[in-house]
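# Structure assessment
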Amino acid sequence: MSARKARTETVAAGAAPVDSEEKDVKIPVEAVDDTEVNEAEAAEAAENQVEDSNKEATMTEDEMVEAAIRAGEEAADNDFKLKFEQAQKELADVRNELDAAAEAQKAAEDKAKDATERTARLQADWENFRRRTANERIAERERATEKLVTALLPVVDDIERAIDQELSDDFKQFVDGVDAVHAKLLDVFAHEGVEPIDPKGEAFDPLEHQAVGRVEDASQYDETVNDVYQKGYRMADRILRSAMVTVTYGGDKRPAPEPEAAPEDAAADTAESTEE
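Just so you know, these numbers come straight off a predicted model, no measurement behind them.

What counts, and where the lines are drawn
- Residues numbered from 1 in each chain as written.
- Predicted model: local features only at pLDDT ≥ 70, side-chain atom pairs only at ≥ 80, totals over all residues.
- Heavy atoms only, no water.
- Helix = DSSP H or I, 4+ residues; strand = E, 2+ residues; numbered from the N terminus.
- Buried < 20%, exposed > 50% of the residue type's maximum accessible area, 1.4 Å probe, protein only.
- Contact = heavy atoms within 4.5 Å.
- Areas by Shrake-Rupley, 256 points an atom, 1.4 Å probe, with all protein chains shown as cover.
- Pairing = 2+ DSSP bridges.
- Axes fitted to C-alpha atoms, helices over the stretch in contact; angles between N-to-C directions.
- pLDDT = per-residue confidence, 0-100.
- Salt bridge = Lys/Arg side-chain N within 4 Å of Asp/Glu carboxyl O.
- Phe/Tyr/Trp six-rings, centres within 6.5 Å; stacked < 30°, edge-to-face > 60°.

### Concerning the overall build of the protein
On a plain count of helices and strands, the protein comes out with 5 helices and 6 strands. Within the protein, the fraction of its 276 residues that count as buried is 13%. Restricting to contacts in the protein with at least 6 residues of sequence separation, those with at least 24 account for 70%. Counting every atom, the protein has about 22100 Å² of accessible surface; 54% of that belongs to carbon and sulfur.

If you want it as structure tokens, here you go:
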């Protein structure tokens, strides 16, 4: 402000002689005011620069060191923030990759489990098919054997009737030959699991016997096979032909069969008999 005042006074002092010497020259008031304003602003800027330079000149060495430290800390902090953001981004990418890998692993495990289950089902189906085919093959063979044996049964009956005929000694060799053929035929039947049913003296069983007559006989139990007119034949658990028999009546009731002893009871009885 003192400088502005001095400059104003100087301008005023310089202007007075001019006015006195050249009274006819007039200076516009507005031009003078603009010039003063510009000069004042320039002077103020110069003063600010001088003050700033004075401040910089007056900074001590410690303040300069402290300012440098602060600048370094700010730079380090910015660098740390940048690296931290990069690390967070990389961590997020790795987590996304891990999630994708876990999903792919789960999908692969599910696919492997499904393939294992389908393989097990196919294996079970194959085993069932193999057993069913084998059983069907056996059943077909047995049916074929049944048909053949059933067709041969009348031949066996005729052979047995021929053997039972009373012939003279001249036919003895012939009868012996027929008997040998009969024995071989029964051996073939036995090899195929065919057994004759000859129930004479046994209890009548309607599942295996066909009653063609009744005979009164008090000396035998009631419902006992008295005569066998025609033998029956069974193959495994199937009856190829029931035996044709006569059944007695008029005798005592047949006692109920004793229950079969359990394996443990049979072993205990055997041990007791051994000790005795």
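Following the structure, the description resumes.
### As for the sheet that holds strand β4 (residues 232-235)
Reading across from one edge, β1-β4-β5 is the order of the 3 strands in this open sheet, with antiparallel pairing throughout. Bordering the open sheet on either side are β1 (194-197) and β5 (238-241), each of which pairs with just one other strand. Adjacent strand axes in the sheet meet at a mean angle of 35°, parallel and antiparallel pairs treated alike. In this fold helix α3 (residues 61-164) packs onto β1, β4 and β5, with an angle of close to 40° to the strand it touches most, β5.

### Comments concerning the confidence of the model for the protein
Taken as a whole, the protein shows an average pLDDT of 78; of its residues, 74% reach a score of 70 or greater. The lowest-confidence element of the protein is helix α1 (residues 2-21), averaging 42 in pLDDT; the highest-confidence one is strand β6 (residues 243-249), averaging 92.

### Re the pattern of salt bridges
Oppositely charged side chains may form a pair once their charged atoms are brought near each other. Tallied over the full model, the rule gives 17 salt bridges. Lys231 is the partner of Glu160 in a salt bridge, and the nearest nitrogen-oxygen pair spans 3.7 Å. Here Lys231 lies in the loop between β3 (225-230) and β4 and Glu160 lies in helix α3, a separation of 71 residues in the sequence. Relative accessible area serves as the criterion here: at 14%, Glu160 is assigned to the buried category. Residue class for Lys231 comes out partly exposed when judged on its relative accessible area of 27%.

### Brief notes about the side chain of Thr224
By secondary structure assignment, the location of Thr224 is in the loop between β2 (209-216) and β3. Aside from chain neighbours lying at most four places away, what touches Thr224 is Gly201, Glu202, Thr246, Val247, Thr248 and Arg254.

### So, the sheet that holds β2
The strand order β2-β6-β3 describes an open sheet built from 3 strands, whose pairing is mixed. Looking at the sheet topology across the chains shown, the edges are occupied by β2 and β3. Sheet twist, expressed as the average angle between the axes of neighbouring strands with direction ignored, equals 25°. In the sheet, β2 pairs with β6 via 7 bridges, with the strands oriented parallel. What sits directly across from Gln210, in β6, is Met244.

### Some points on the packing of aromatic side chains
Tallied over the entire structure, the rule returns 3 aromatic pairs. Aromatic side chains Trp126 and Phe129 sit 5.9 Å apart centroid to centroid with 35° between the ring planes, which places their arrangement in the tilted category. Residue Trp126 and its partner Phe129 are both found in helix α3; the two are separated by 3 residues, about one turn of the helix. The partly exposed category is assigned to Trp126, whose relative accessible area is 46%. Classification of Phe129 as partly exposed rests on a relative accessible area of 40%. Judged by centre distance (6.3 Å) and plane angle (85°), the rings of Phe189 and Tyr233 are edge-to-face. Of this pair, Phe189 sits in helix α4 (residues 172-191) while Tyr233 sits in strand β4, and the two are 44 residues apart along the sequence. Assigned by exposure class, Phe189 and Tyr233 land together as buried.

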